[in-house]
Amino acid sequence: MRTAVRRNRGIQGAPAAPDAIAKFERTIEIAARLEAGPLLGAPKGTLAHLLADSGKKIEAQEELVQAIALFARSKMTIQLERAKAALSKSSDL
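Residues numbered from 1 in each chain as written. Predicted model: local features only at pLDDT ≥ 70, side-chain atom pairs only at ≥ 80, totals over all residues. Heavy atoms only, no water.

Concerning the confidence of the model for the chain
Part 1 of the reasoning: The pLDDT averaged across the chain works out to 82; a share of 82% of its residues lies at or above 70.
Part 2 of the reasoning: Taking the mean pLDDT of every element in the chain, the minimum, 42, falls on helix α1 (residues 2–7) and the maximum, 93, on helix α4 (residues 57–73). (pLDDT = per-residue confidence, 0-100. Helix = DSSP H or I, 4+ residues; strand = E, 2+ residues; numbered from the N terminus.)

Set out below in structure tokens:
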């Protein structure tokens, strides 16, 4: 998804990241309203990448921490390890 967002440009060459961020935030709102806990981790992880790419490091780390908690509760071990690695990597920046 990150690569697709980077390649996707809005009208007149403007980056599509703000639009993508808004759409992922909306997805997270809907999943939360539906109480679909296991489904929240993936969009939160992608949102974290989008935020990081937009220079919003603190917000990205907060989303990753939430994704990690959701993956841990849902026993989604592969996603959990990926999110932990991304958080570790972002902490090194």
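This is not the end of the story, as more comes after the structure.
Some points on the packing of α4 against helix α5 (residues 77–91)
Part 1 of the reasoning: Closest axis-to-axis distance for the α4/α5 pair is 9 Å, and the angle between their directions is 155°. Comparing their axes, α5 and α4 come out roughly antiparallel. When the axes of α4 and α5 are compared, the crossing they make is left-handed. Seen from α4, the contacting residues are Lys57, Gln61, Leu64, Val65, Ile68, Phe71 and Ala72; seen from α5, they are Gln79, Leu80, Ala83, Lys84, Ala86, Leu87, Ser90 and Ser91.
Part 2 of the reasoning: Residue classes in the contact of α4 with α5 are distributed as nine nonpolar, four polar and two charged. (Axes fitted to C-alpha atoms, helices over the stretch in contact; angles between N-to-C directions. Parallel < 35°, antiparallel > 145°, perpendicular 65-115°, else oblique. Left-handed = near helix turned anticlockwise from the far one by under 90°. Contact = heavy atoms within 4.5 Å. Nonpolar A, V, L, I, M, F, W, Y, C, P; charged D, E, K, R; others polar.)

What to know about the nonpolar core
Part 1 of the reasoning: Within the largest apolar cluster, 21 residues are counted, with the highest numbers of intra-cluster contacts made by Leu47 and Leu64.
Part 2 of the reasoning: Only α2 (17–33), α3 (37–53), α4 and α5 provide two or more residues apiece to this core.
Part 3 of the reasoning: The element that contributes the greatest number of residues to this core is α4, accounting for six residues.
Part 4 of the reasoning: Among all residues touching Leu64, those that are not within four sequence positions of it are Ala48, Ala83, Ala86, Leu87 and Ser90. (Core = buried A, V, L, I, M, F, W, Y, C linked by side-chain atoms within 4.5 Å. Buried < 20%, exposed > 50% of the residue type's maximum accessible area, 1.4 Å probe, protein only.)

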